[in-house]
Amino acid sequence: MLDIKFIKAKQLKQKPAKGQPLGFGKIFTDYMFTMKYTEGKGWHDPVIEPYHNIELSPAAMVFHYGQEMFEGLKAYKGADGKVFLFRPDMNAKRANRSNDRLCIPNIPVEDFVQAVSELVKVEKDWIPEDEGTSLYIRPFVIATDDFLGVAPSKTYLFMVILSPSGAYYESGLAPVGIWIEDEYVRAVKGGTGFAKTGGNYASSLIAQVKAHDEGFSQVLWLDGVERKYIEEVGAMNIFFKIDGKVITPAINGSILPGVTRDSVINLVKSWGITVEERKISVEELLEAQHSGKLEEVFGTGTAAVISPVGKLRYMDEVMTINDGSIGKLSQKIYDTITGIQWGKIDDPFGWRVEL
Ligand SMILES: *Cc1c(COP(=O)(O)O)cnc(C)c1O
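Just so it is clear, the model here is predicted, and its values are computed rather than measured.

Q: So what exactly am I meant to see when it comes to the packing of aromatic side chains here?
A: Geometry of an aromatic ring pair is reported as the spacing of the ring centres plus the angle between the planes. Taken as a whole and judged by the stated rule, the model has 14 aromatic pairs. Seen in terms of ring centroids, F24 and Y136 are 4.9 Å apart; in terms of plane orientation they differ by 70°. Their pairing is edge-to-face. Within this pair, whereas F24 is found in the loop between β1 (5-6) and β2 (31-38), its partner Y136 is found in strand β7 (residues 134-143), the two being separated by 112 residues in sequence. Centroid distance F33 to F158: 5.7 Å. Interplanar angle 65°. Geometry classified as edge-to-face. Of this pair, F33 sits in strand β2 while F158 sits in strand β8 (residues 155-165), placing them 125 residues apart in sequence. Comparing F33 with F158, the two get one shared label, buried. Positioned above the aromatic ring of W179, the side-chain terminus of R313 is 3.6 Å from the ring centre. Positioned above the aromatic ring of F84 is the side chain of R352, whose terminal nitrogen or guanidinium carbon lies 5.3 Å from the ring centre.

Q: Looking at this model, I keep getting lost on the pairing of β2. Mind explaining?
A: Side chains on a regular strand alternate between the two faces of the sheet. In terms of burial, β2 is a largely internal element, six of the eight residues being buried. Relative to strand β3 (residues 42-50), β2 runs antiparallel, the two sharing seven bridges. The residue of β3 that forms the bridge with M32 is E49. Taking the residues that link successive antiparallel strands as the turn, the β2-β3 hairpin has three residues, and the phi of G40 there is positive, at about 90°.

Q: Which parts of the structure should I look at to understand the environment of G253?
A: Structurally, G253 is set in the loop between β13 (245-248) and α6 (259-270). Overall, G253 belongs to the partly exposed group, its relative accessible area being 23%. As for G253 and I107, which are separated by 146 residues in sequence, their C-alpha atoms are 22 Å apart. When neighbours within four sequence positions are excluded, G253 is seen to be in contact with G193 and F194.

Q: Help me out: how do you make sense of the pattern of salt bridges in this one?
A: A side chain with one charge can pair with a side chain of the opposite charge if their charged atoms come near. Per the counting criterion, the structure on display carries 17 salt bridges. We note a salt bridge from R261 to E277, for which the minimum N-O separation is 2.8 Å. Of this pair, R261 sits in helix α6 while E277 is found in strand β14 (residues 275-277), placing the two residues 16 residues apart along the sequence. Classification of R261 as buried rests on a relative accessible area of 5%. Several salt bridges converge on common partners, so that one network encompasses K245, E276, R278 and E284.

Scoring rules and cut-offs
Residues numbered from 1 in each chain as written. Predicted model: local features only at pLDDT ≥ 70, side-chain atom pairs only at ≥ 80, totals over all residues. Heavy atoms only, no water. Phe/Tyr/Trp six-rings, centres within 6.5 Å; stacked < 30°, edge-to-face > 60°. Helix = DSSP H or I, 4+ residues; strand = E, 2+ residues; numbered from the N terminus. Buried < 20%, exposed > 50% of the residue type's maximum accessible area, 1.4 Å probe, protein only. Lys NZ or Arg CZ within 6 Å of the ring centre and 35° of its normal. Pairing = 2+ DSSP bridges. Contact = heavy atoms within 4.5 Å. Salt bridge = Lys/Arg side-chain N within 4 Å of Asp/Glu carboxyl O.

Structure (structure tokens):
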């Protein structure tokens, strides 16, 4: 158990009005959580304090060699004012898998969950209540030694910040167009693909910009060796419904193991539908499309939950999926997971955590 100090803000900010468009990641709440790490001493000085800019040496290692880890999850307000998190232990465990890969010291799972929970409780009035809105939670760790040598830092800062976020789809689920990237790659086995770290995003921006310029909203990455097998979308895992079965690329070291991905697999299996976690090539996808067996394609991630894909481009071919409309299964998964998250329906899996 962390003994978290609380420093009260002198003045609170104006909260967004009901119905005000929030967007994503633009508004921050009154408080943040911080905890320091020093070699030999471990994690120390956990505090919830007023949100403020931080001061770092220009030589701080995170600026030069990118030693950092982040997570993303949400708090939801149910109809009766109850506050929920969704599987926060999964984020805490994944944070440590990222930390291990990046030579960042582990944060005990219960301390991570406690930091997030206590900060959200302090800020519960910031959780927006309009349909589909939530409080986005961003825990992260940065290397803070002021040293230009290439080595793991001896000091770190763990922080949690909160941002009220709008409904991802303001007017219901809407299919997106996806660009299958055949030039750049995101990750390779042995690299950092399975870790949530800024560097993975820095190196993916160029393909994202290219896809946008071509009129597509996201990039679908192929494997880094043969550029043949499907890996995942920008910040989402990917699922295909082919001939009645659900297929998603297996976790292989270069794919980010999403909490939403795991939830979708468990949910769909519980409905008696076959789920295959395996390699799937673009070729297999094209064949399924040409023979009329590709029924649905959707991405999964905390931000959108389910992102139906209406259009997929690979080289010179543009495939229209399910006539560009939302698949029945995609909609059912979305309704069920969001129903569990907002406390509207039963939670047979025990995923919802009430604060
Ligand atoms: C965070 C993330 C996901 C989705 O993970 P969730 O836990 O479901 O939000 C997928 N791919 C990448 C690259 C990510 O960073």
